[in-house]
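# Summary of the model geometry
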Amino acid sequence: MQPDFVQDLGHGIYAIDTAFQRDHFDAAYLIVENGRAAFVDTGTNHAVPRLLAALESLGLGVEAVDWVIPTHVHLDHAGGVGLLMESLPQARLLVHPRGARHLIDPKALYLGALAVYGEAEMQRSYGQLRPVPAERVSESSDGQVISLAGRELLLIDTPGHARHHHCIWDARSRGWFTGDTFGLSYREFDTAAGPWVLPTSTPVQFEPEALKASIARMMGYGPQQMFLTHYSRVGDVERLAASLAAQIDVMVALALPLKADLQRHEKLKDGLSAHYLGELRRHGCTLAPERQLELLGMDIELNAQGLAVWLDKLPA
């Protein structure tokens, strides 16, 4: 009997709701092949009991896990890596080379988040980050193929959201595990037209042209589905990819005139809010606008911050 926070997506792929922030917001994935397993993204420390329960519900022991693969080291994707690895005696951690040092010694990662969120919120949402012994860490390379009991998983470098981001291609399911590169798609916004998606420019490494290039590269594999961390599986990928590219251009056009504006942050938030409400209206979403903005509140704030960091890096 699978727990209600585990969703069977077929092809030996299971989405695990990590319960970060709210239900159906943050997913980790478990891939199972011939009795062996891999986790893609972990959520935070608070998600680890759910990840282990998902293993147990499938009749697998902790020694069955060969790989733990965070898509990048932002804490909603990798905050639980160290604690999870302590429970998985056979697993290796496979992380982007730009992120490996932050999981071996997470002090800088923790302090950076602490400066943003404060101690109380760090403990509530993330807990104390645990280091991973360097000898258990492998760094990915662009085009690398790993084996999970003979099932090949391909990793490619996908900058744009973060420079420490890779995505994982599973030919069996014709799907990508996308982290944040293929944006955010919350099930509350699904309509008869299908899922809705928005790009994420979370600070501090948003690069719009690199992000569009990463999405285009992923689409070159002819995917039939995408496994998003926020949240779960989506289809209709060609429409969503086109929407993401168009919205990235909208974000750039919104931000550029505000580079030196003293009210830049509030104007960015206002512009993003208006854009998302218009997008959702055209998509046929019937939720009240106030509810839409409530669900998107964190993303509006973080996207505005990320756009501001990107603006400040542009030449004068």
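The structure this text deals with has already been given above.
Below is a summary of the structure that appears in this document. (Residues numbered from 1 in each chain as written. Predicted model: local features only at pLDDT ≥ 70, side-chain atom pairs only at ≥ 80, totals over all residues. Heavy atoms only, no water.)

As a further point, take the pairing of strand β2 (residues 13–17). The element β2 is largely enclosed, with a buried count of 5 among its 5 residues. Burial along β2 is two-sided: the face carrying I13, A15 and D17 and the face carrying Y14 and I16 are both buried. Examined bridge by bridge, strand β1 (residues 6–8) and β2 share 3 bridges and lie antiparallel to one another. When the bridges of β2 are listed, D8 appears paired with Y14. Summarising the sheet, β2 and strand β3 (residues 27–33) pair through 5 bridges and their orientation is antiparallel. In the sheet register, D17 faces β3, and the bridge partner there is A27. (Buried < 20%, exposed > 50% of the residue type's maximum accessible area, 1.4 Å probe, protein only. Helix = DSSP H or I, 4+ residues; strand = E, 2+ residues; numbered from the N terminus. Pairing = 2+ DSSP bridges.)

On to the nonpolar core. L30, F39, V68, L93, F182, M226 and L296 are the most contacted members of the largest nonpolar core, which totals 81 residues. For this core, the element with the most residues is helix α8 (residues 237–255), which contributes 8 residues. Residues within four places of M226 in sequence aside, it is in contact with W176, T178, F182, M218, M219, S232, R233, V234 and V237. Membership of the second largest hydrophobic core comes to 19 residues, among which are L9, I13, I31 and L94. (Core = buried A, V, L, I, M, F, W, Y, C linked by side-chain atoms within 4.5 Å. Contact = heavy atoms within 4.5 Å.)

Time to look at the packing of helix α9 (residues 264–283) against helix α11 (residues 297–313). Where α9 meets α11, the closest approach of the two axes is 9 Å, and the angle between their N-to-C directions is 125°. In terms of orientation, α9 and α11 fall into the oblique class. For the pair α9 and α11, the crossing hand works out as right-handed. Across the interface between the two elements, R264, H265, L268, K269, L272, S273 and Y276 of α9 pack against I300, E301, N303, A304, Q305, L307, A308, L311 and D312 of α11. When grouped by side-chain class, the residues that make up the contact of α9 with α11 number 8 nonpolar, 4 polar and 4 charged. (Axes fitted to C-alpha atoms, helices over the stretch in contact; angles between N-to-C directions. Parallel < 35°, antiparallel > 145°, perpendicular 65-115°, else oblique. Left-handed = near helix turned anticlockwise from the far one by under 90°. Nonpolar A, V, L, I, M, F, W, Y, C, P; charged D, E, K, R; others polar.)

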